[in-house]
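Residue-level structure breakdown
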Amino acid sequence: MKKTYFGKVNENKSAYLYTLSNRNGIEMTVSDFGAVLTRLLVPDIQGRKRDIVLGYESLAGYQKNTDTYFGSTVGRNANRIAGARFELDGRMYRMPANEGENNLHSGPSGYQLRLWEAEKTEEEKNTITFLLHSPDGDQGFPGKLDLRVAYTLTEENEIRITYEGCSDADTVFNPTNHSYFNLGGHDFGSILSHELTLFADRYTPVTDSASIPTGELAQVAGTPMDFRKGKPIGQEIDSDFEQLRFTGGYDHNFVLCGETGKMKKAARVSCKESGITLEVETDLPGIQFYAGNFLKDETGKCGVVYRKRNGFCLETQYFPNAINEPAFASPVIKAGEKRETQTIYRIYRKE
Ligand code: GAL
């Protein structure tokens, strides 16, 4: 594991980058700033290394990361909370509204903007663990929460992300990783030719462009939302389908087959040009497939300008607005309960 200086966060504190590598030539870089994933180098079909995640060139980019959420650890709660408020144990809690009247990704002081503690590095496991103490009332949530995010790079070419949370009061615990992948490389351009499979028969339709789920679980069958057999992301993204018109392209939560708490296949994506395939597994009930529709001329690493749909996100999660939707699995952890969840991004390469 290699530790390098990333930049000054303020007068007294600095941020660092940690690079983990394996014997197959994969290199992953994460930072204690925001527990963000900044770089993922993978040898392509010709053995040339491609960086398959979008990101910023320097710390300054990550300090303003409230729009794209490149590489972010999002918390306490991923996606939207309708009306920026919720009731828990008979009390109403309010959060900042940062997208119309709703709360998106926990508001303007997201965990991706905090300096985390690099708590421990385990060379034998190729793991680094970041720790964040989130005080009672942080972002409007009850309870003092301790959150650990561990990144592991295995010899099986897996990036394992483990989240562990424990709070002194009942609270919401629904973190995710918001990395934008482009399996042709961060400077490859459009992701529309990537082939995507989603292991989901149903998804959660939204009411309108505010993207709050209706509470219904709709069948993907017979609609452009059906990725069960695999198809290019771009095949039907602009079709005249109400749900896609609302969101301007894929930006929906898919209901994963299988039980919450058990690891299961969620998604598979491949890029012909690089020969790189990414598989996602999780123990969570849902996955947000976001096709990068809102990306707009964002300057990133090496001055590369990322345009609309130049990256995609596969964010494992409890369903959007689950805290207000009794029909959805609850994202609440009880006081004193220790909750662990895991997501695996597995890389396959054609040689
Ligand atoms: C996604 C969300 C999108 C958009 C994006 C950040 O998780 O579903 O609607 O807000 O984050 O730009």
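Residues numbered from 1 in each chain as written. Predicted model: local features only at pLDDT ≥ 70, side-chain atom pairs only at ≥ 80, totals over all residues. Heavy atoms only, no water.

Re the site of the ligand
Around the ligand lies a shell of 13 residues, among which Asp67, Arg80, His178, Asp251 and Glu315 are the nearest. His105 has a polar side-chain atom sitting 2.9 Å from an oxygen atom of the ligand. In the environment of the ligand, an oxygen atom lies 2.8 Å from a nitrogen or oxygen atom belonging to the side chain of His178. Taken by itself the ligand offers 310 Å² of open surface, and the protein chains cover 96% of this. Given that more than half its atoms are within 2 Å of the pocket grid, the ligand belongs to the largest pocket. For the shell around the ligand, the per-class residue count stands at 5 nonpolar, 4 polar and 4 charged. (Near = heavy atom within 4 Å. Polar contact = N/O pair within 3.5 Å; in protein donor to acceptor, adjacent residues only side chain to side chain. Areas by Shrake-Rupley, 256 points an atom, 1.4 Å probe, with all protein chains shown as cover. 1 Å grid on protein atoms, 1.4 Å probe; cavity = no way out; pocket = protein on both sides within 12 Å on 5 of 7 lines; lining within 4 Å. Sits in = over half its atoms within 2 Å of the grid points. Nonpolar A, V, L, I, M, F, W, Y, C, P; charged D, E, K, R; others polar.)

Looking at empty space enclosed by the protein
The full count for this structure, using the stated rule, is 2 cavities of 30 Å³ or more. Roughly 50 Å³ of volume is contained in the largest cavity. Surrounding the largest cavity, Asn79, Arg80, Thr204, Val206, Ser211, Asp251, His252, Asn253, Gln288 and Pro320 form its lining. Residue contributions to the lining of the largest cavity peak at 3 residues, all from strand β21 (residues 251-256). Residue composition of the lining of the largest cavity, by class: 2 nonpolar, 6 polar and 2 charged. (Points joined across faces, edges and corners; volume = space filled by probe spheres on them. Helix = DSSP H or I, 4+ residues; strand = E, 2+ residues; numbered from the N terminus.)

Focus on the sheet that holds strand β1 (residues 2-8)
The antiparallel open sheet is built from 5 strands, whose spatial order is β1-β2-β3-β4-β5. Single-partner strands in this sheet number two, and they are β1 and β5 (49-51). Neighbour-to-neighbour, the strand axes of this sheet turn through a mean angle of 20°, independent of strand direction. Two elements, strand β3 (residues 27-31) and strand β4 (residues 37-43), share 4 bridges in a ladder whose sense is antiparallel. Bridge assignment links Val30 to a residue of β4, and that residue is Leu37. (Pairing = 2+ DSSP bridges. Axes fitted to C-alpha atoms, helices over the stretch in contact; angles between N-to-C directions.)

Some remarks on the layout of surface pockets
What the largest pocket holds in volume is close to 320 Å³. Forming the boundary of the largest pocket are 20 residues, of which Asp67, Tyr69, Leu104, Tyr290 and Phe294 lie nearest the centre. Considered class by class, the residues forming the lining of the largest pocket number 6 nonpolar, 7 polar and 7 charged. Empty space within the second largest pocket amounts to approximately 220 Å³. Looking at the lining of the second largest pocket element by element, the count peaks at 3 residues for β1.

Quick notes on the environment of Ala169
Checked against the element boundaries, Ala169 lands in the loop between β14 (158-167) and β15 (171-172). Overall, the relative accessible area of 24% leaves Ala169 in the partly exposed class. Along the primary structure Ala169 and Glu337 are separated by 168 residues, whereas in three dimensions their C-alpha atoms are 9.2 Å apart. Not counting the four nearest positions on each side in its chain, Ala169 is found in contact with Gly143, Ile333 and Ala335. (Buried < 20%, exposed > 50% of the residue type's maximum accessible area, 1.4 Å probe, protein only. Contact = heavy atoms within 4.5 Å.)

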